[in-house]
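# Working through the structure, step by step
Read off the chains here:
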There are 2 protein chains.
Amino acid sequence: MSQPAVPPSAEFPAQARAAVRQLRASRIREVANAGIGRPDVLPFWFGESDQVTPAFIREAGSRALEAGATFYTHNLGITALRGALAEYVSALHGPTSVAQVAVTSSGDSGLMLAAQLVAGAGDRIVAVTPLWPNLVEIPKILGAAVHTVSLDYGADGWTLDLERLLAALTPDTRALLINSPNNPTGWTMPRAVQQAVLAHCRRHGIWIIADEVYERLYYGDEPGVGGAAPSFLDIARRDERVICINSFSKAWLMTGWRLGWMVLPEAMEGDLGKLIEYNTSCAPAFVQEAGVVAVREGEAFTRDLVGRLRAARDHLVGALSALPGVDAHAPDGAMYVFFRLAGTRDSLDLCKRLVREAGLGLAPGSAFGDEGEGFVRWCYACGTERLDEGVRRLRDYLAR
Amino acid sequence: MSQPAVPPSAEFPAQARAAVRQLRASRIREVANAGIGRPDVLPFWFGESDQVTPAFIREAGSRALEAGATFYTHNLGITALRGALAEYVSALHGPTSVAQVAVTSSGDSGLMLAAQLVAGAGDRIVAVTPLWPNLVEIPKILGAAVHTVSLDYGADGWTLDLERLLAALTPDTRALLINSPNNPTGWTMPRAVQQAVLAHCRRHGIWIIADEVYERLYYGDEPGVGGAAPSFLDIARRDERVICINSFSKAWLMTGWRLGWMVLPEAMEGDLGKLIEYNTSCAPAFVQEAGVVAVREGEAFTRDLVGRLRAARDHLVGALSALPGVDAHAPDGAMYVFFRLAGTRDSLDLCKRLVREAGLGLAPGSAFGDEGEGFVRWCYACGTERLDEGVRRLRDYLAR
């Protein structure tokens, strides 16, 4: 190897372009990094269960590997999985054809693909916050400008000022990004609000990109057509400007598999296929095979999971509410309690101290936007004993 | 489900933005689609072996699934895989640290990430063609302008006019895209040319994005440091504007796993981590575990594979050269014979006819750029009996 004696000119530093350097780094990971090498830390910071993927799905993956499912697949996914998903989506949200469903290499990838489909440099994008960072940052990679509309926090928890959102959805807006049920707040857009937003977006040709990965994790009293959270798929036509993103991560505990899907107008199938080719080509073949088994045989598991999550939610909200200074509401959806802690002005600093001084891993509210400051996110996708030990650590810390 | 009676306004069709509609669709897939439902077609069109991934790698994937490797991993990859890759790259190309290596969800994803790192709207990108379409199309998704410099075809096969390339690399060029060994031509950039290109790019601060996924599939007589094809990693510093992309697909027959890696300046690690978070989050956990076994235990397999591919290359070039009108050169690298067929003015039409009338699946040269017109690509990653049957079908077709 010949290394030139003269280093490269300082004129040309090896660094990413400015738009990428300015992307927000994950403050959750910043907190988690503070816990590296600390096996005693109880982590509730990430959005995943402490349980491994169910055995029947892992075994399906192994069977597919053994059978040799190690070749490229169609960009849009294997026929068996697209078919299973079309049936699944149809049962939850009304008739949906195979041509309206595409398999993606994670829900994240689906969000990136949706953004690439509709958003370019200079486009105006509107997002409702607090919100997990990816939805807000992805369009910036494409040069789009993201305008945020904040939920309001009050006695009823987080609520949306519909008029403020509609005012932000100016006619020159390219797309609205909605994550409902919402990470981190659990806020779920009610049906009547969905109807108003859809009508407004139709009028102005504004795309709706709906991140609905938590749709099955819904505990509210106004479910959609098939018992899941209200979805834009319940009320939208399949040939209009609505793209819904979903994932295997939450309903089947498959976070580490990186498998998701999109529902979108059939007219976009060809263009989406090109984008998938140019992003990841396809999801791994045997991962898709396991996905077929998850969708076809996983319904009982998912229903049981939702029951357990509901119990965990109620348990955690009850325990937290007994602590001084904690203001916690039971969320309608997802798997987080996003609670306010009196006197907290720097949630990032607080969460780092909780890791170091109390062995408790939580996510800082500021990771989800400025309006999340003063809050902390706690993922309750685990057993009650683990939750109790976490609450005990928080109580002891607050008592100091 | 309430479907509104009035369809959405024709003013706002549900279609992708213009830049995406204008992306080139794969002409290889167009040919392959002509063979759907035709089990008698012998396919040589895709860039993958007809052999399944070796059992020891598939078994590693299954073991990881059984052990419960189903959770999110670090954005940049699991420590074991980054460490294995750092050692592997160091052995082939000189000292490379873990911080200079990142795991990606396929080589494709690595190329998209590299483009996102350095290229935005309006940036000038230069690519050497003929070239598999992804490299040329990816920057367009980000709004960059891609300028191509064609190799020349003559008595010695495909060669590069270095002066023409350097003239195209104007000081305002943001990045050069080089795929060497090249898909489809097998052209491999000689060391002296790499040195000249690197010196020029250093002078003007032009990024080199090197797609080196075929580096192990090299049959030429001027190998790089570790026996692979000459690589920019052999001659570049690790802190300058060079990003190398690689993949598990070719050297370990893992196309359907979607696993790759990047080597890049350590100073970009943090920004790359953000982009991976916003593209796919991470590669599947158990896929990465299998990757560790491939890198650590796959050397004998890869060396044997390269020997078999070299034999297949020589066999196919010999057989094709015996056909009338065929002009075929033995490529220095990759796994394709990209041969000229006299009188062919529309290779796409020819390849469709070969599927329908001869049961032979080849890739049209025009899929790789206008300068590929008149050529056909044949992937020889299979046994000689299969190659012989393919050549027989081509001979019979030409004889009609």
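In the nomenclature of an unreviewed UniProt entry, chain A corresponds to Aminotransferase from the organism Cupriavidus malaysiensis. What UniProt states about chain A under its Sequence similarities (unreviewed entry) heading is, verbatim, "Belongs to the class-I pyridoxal-phosphate-dependent aminotransferase family."

## Regarding the overall build of chain A
Within chain A one finds 14 helices and 15 strands. Against the globule reference of 21 Å for 400 residues, chain A gives a C-alpha radius of gyration of 22 Å, in line with a compact fold. Buried positions account for 64% of the 400 residues belonging to chain A. Looking at chain A alone, contacts between residues at least 24 apart form 74% of all its contacts between residues at least 6 apart. Taking the 39 positively charged and 45 negatively charged side chains of chain A as two groups, their mean positions are separated by 3 Å.

## Brief notes about the domain arrangement of chain A
Residues and elements named next belong to chain A. Its domain assignment divides chain A into domain 1 (18-53 + 300-399) and domain 2 (55-297). Centre-to-centre, using C-alpha coordinates, domain 1 lies 24 Å away from domain 2. At the junction of the two partners, domain 1 supplies 33 residues and domain 2 supplies 39 residues. Counting each side, the surface lost to burial between domain 1 and domain 2 is near 3,200 Å², with a carbon and sulfur contribution of 61%. It is Thr 53, Asp 332 and Glu 371 that lose the most area in domain 1 upon contact with domain 2, and together they represent 21% of the buried surface on that side. At the junction of domain 1 and domain 2, the tally comes to zero salt bridges. Summed over the shared surface of domain 1 and domain 2, the number is 22 residue pairs in polar contact (both at pLDDT 80 or more). Taken together, the elements giving at least two residues each to the side of domain 1 that touches domain 2 come down to helix 12 (299-321), strand 12 (336-341) and strand 15 (375-379). Looking at which element gives the most residues to the side of domain 1 that touches domain 2, the answer is helix 12, with eight residues. Residues belonging to the side of domain 1 that touches domain 2 are distributed by class as follows: 16 nonpolar, seven polar and 10 charged.

Conventions and cut-offs
Residues numbered from 1 in each chain as written. Chains lettered and ligands numbered in written order. Predicted model: local features only at pLDDT ≥ 70, side-chain atom pairs only at ≥ 80, totals over all residues. Heavy atoms only, no water. UniProt positions renumbered as here; feature names shortened; annotations may be inferred. Helix = DSSP H or I, 4+ residues; strand = E, 2+ residues; numbered from the N terminus. Rg over C-alpha atoms; globule rule 2.2 N^0.38 Å. Buried < 20%, exposed > 50% of the residue type's maximum accessible area, 1.4 Å probe, protein only. Contact = heavy atoms within 4.5 Å. Lys, Arg positive; Asp, Glu negative; His and termini not counted. Charge placed at Lys NZ, Arg CZ, Asp CG, Glu CD. Domains from an automatic or database assignment. Buried area = accessible area lost by both parts, 1.4 Å probe. Salt bridge = Lys/Arg side-chain N within 4 Å of Asp/Glu carboxyl O. Polar contact = N/O pair within 3.5 Å; in protein donor to acceptor, adjacent residues only side chain to side chain. Nonpolar A, V, L, I, M, F, W, Y, C, P; charged D, E, K, R; others polar.

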